[in-house]
Amino acid sequence: MTEYPYLVAGINEAPRGVLDRHTLTSLESDERRVSFYCAAPSHADDPWFVASFVYVTNEAGSTWAESPNYPMRGGVAFWIGFRASDDLIGNQRASADDSSRFYDPGFRLRYKLRCRTCGLRLARRSDTIQADLEKLWQSGVLEVPLAAYAATV
Ligand SMILES: [Zn+2]
């Protein structure tokens, strides 16, 4: 498992609020992963885990996809669940009742990256965040403050 210097080094170093909000889980394997957190000055001692993305390969190809786990050093992770995303066809919100949306060539997701502590938010479509995540990974950046990411897009 990678020894990337994640924001939270381990359970013993985790802030109280983080431990109260999340159960612990483990990461399955060494994987490509890029994560976003918010530790704005107003809550620097109580970071919010915004989202984590992993690079997955399946029969449809390879893509960056949202993960419910937020990494610490050494293979332990926090369970953060899946955060809100909208289904889109082109730029229009797709009906959640229409299962044919997945087969539309214009189908994509809009991730609503959001800190639920201070309210900082950034919406990114799945097709645009793919390139961003790949660029971060290629640069060796595996964890980014949401404010810093927002400043670059
Ligand atoms: Zn925040």
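Before reading on, note that the structure itself is shown above.
This one's a predicted model, so the numbers in the text were calculated from it and none came from an experiment.

Asks: What am I meant to see in the pairing of strand β10 (residues 121–125) here?
Replies: Put simply, side chains in a regular strand alternate between the two faces of the sheet. Examined bridge by bridge, strand β9 (residues 107–114) and β10 share 5 bridges and lie antiparallel to one another. Paired with Arg114 across the bridge in β10 is Arg121. Between β9 and β10, which follow one another and run antiparallel, lie 6 residues, and Gly119 among them has a positive phi close to 90 degrees.

Asks: Any chance you could explain the environment of Pro5 here in plain terms?
Replies: On the secondary structure map, Pro5 appears in the segment before α1 (16–21). When the C-alpha positions of Pro5 and Met72 are compared, they lie 8.3 Å apart, and in sequence the two are 67 residues distant.

Asks: It is not clear to me how the sheet that holds strand β5 (residues 69–71) should be interpreted in this structure. Could you clarify?
Replies: Sheet strands pair via backbone hydrogen bonds, and the direction of the pair is either parallel or antiparallel. Strand order in the open sheet formed by 3 strands is β1-β6-β5, and the pairing between neighbours is antiparallel. Two strands close off the open sheet at either side, each with one partner strand: β1 (24–26) and β5. The average undirected angle you get between the axes of adjacent strands in this sheet is 45 degrees.

Asks: I'm lost on the nonpolar core in this one. Help?
Replies: Nonpolar side chains in soluble globular proteins generally cluster together in the buried interior. By size, the foremost hydrophobic cluster in this structure holds 27 residues, and its most contacted members are Phe36, Tyr37, Phe49, Val50 and Leu146. Among the secondary structure elements, those contributing two or more residues to this core are β2 (33–38), β3 (48–58), β6 (76–79), β9, α2 (126–138) and α3 (146–152). Examining the composition of this core, we find that 6 residues originate from one element, β3, more than from any other. Those residues within four positions of Val50 in sequence are excluded, and the remaining contacts are Phe36, Tyr37, Cys38, Leu113, Arg114, Cys115 and Leu146.

Asks: Quick question: what am I supposed to make of the environment of Thr117 here?
Replies: Counting through the fold element by element, Thr117 comes out in the loop between β9 and β10. Contact partners of Thr117, with chain neighbours within four places excluded, come to Cys38, His43, Asp46 and Trp48.

Asks: Where do I start with the sheet that holds strand β11 (residues 143–145) in this structure?
Replies: The 4 strands lie next to each other as β4-β3-β2-β11, forming an open sheet whose pairing is mixed. Both outer strands of the open sheet, β4 (61–67) and β11, are each paired with one neighbouring strand and no more. Strand-to-strand twist in this sheet, taken as the mean axis angle between neighbours without regard to direction, amounts to 20 degrees. By the bridge criterion, 7 bridges tie β3 to β4 in an arrangement that is antiparallel. By the bridge assignment for β4, Ser52 is matched with Ser67.

Asks: Quick question: what am I supposed to make of α2 here?
Replies: Count 3.6 residues to each turn of an α-helix, and residues three or four apart come out pointing the same way. In this model α2 runs 18 Å from its N-terminal to its C-terminal C-alpha over 13 residues, within 8% of the 18 Å that 1.5 Å per residue would give. Buried within α2 we find Ile129, Leu133 and Leu136. Burial along α2 is one-sided: seen end-on, the buried residues are contained in an arc of 65 degrees. Residues of α2 that are exposed and angled more than 90 degrees away from the buried face: Asp127, Ala131, Lys135 and Gln138. Those residues of α2 that are buried are in contact with β2, β3, β4, β9, β10 and β11. Backbone geometry just after α2 places Gly140 at a positive phi near 80 degrees.

Rules of the game
Residues numbered from 1 in each chain as written. Predicted model: local features only at pLDDT ≥ 70, side-chain atom pairs only at ≥ 80, totals over all residues. Pairing = 2+ DSSP bridges. Helix = DSSP H or I, 4+ residues; strand = E, 2+ residues; numbered from the N terminus. Axes fitted to C-alpha atoms, helices over the stretch in contact; angles between N-to-C directions. Core = buried A, V, L, I, M, F, W, Y, C linked by C-beta atoms within 7 Å. Buried ≥ 20, exposed ≤ 12 C-beta atoms within 10 Å, placed from the backbone. Contact = placed C-beta atoms within 7 Å. Expected span 1.5 Å × (residues − 1). Arc of directions from axis to C-beta.

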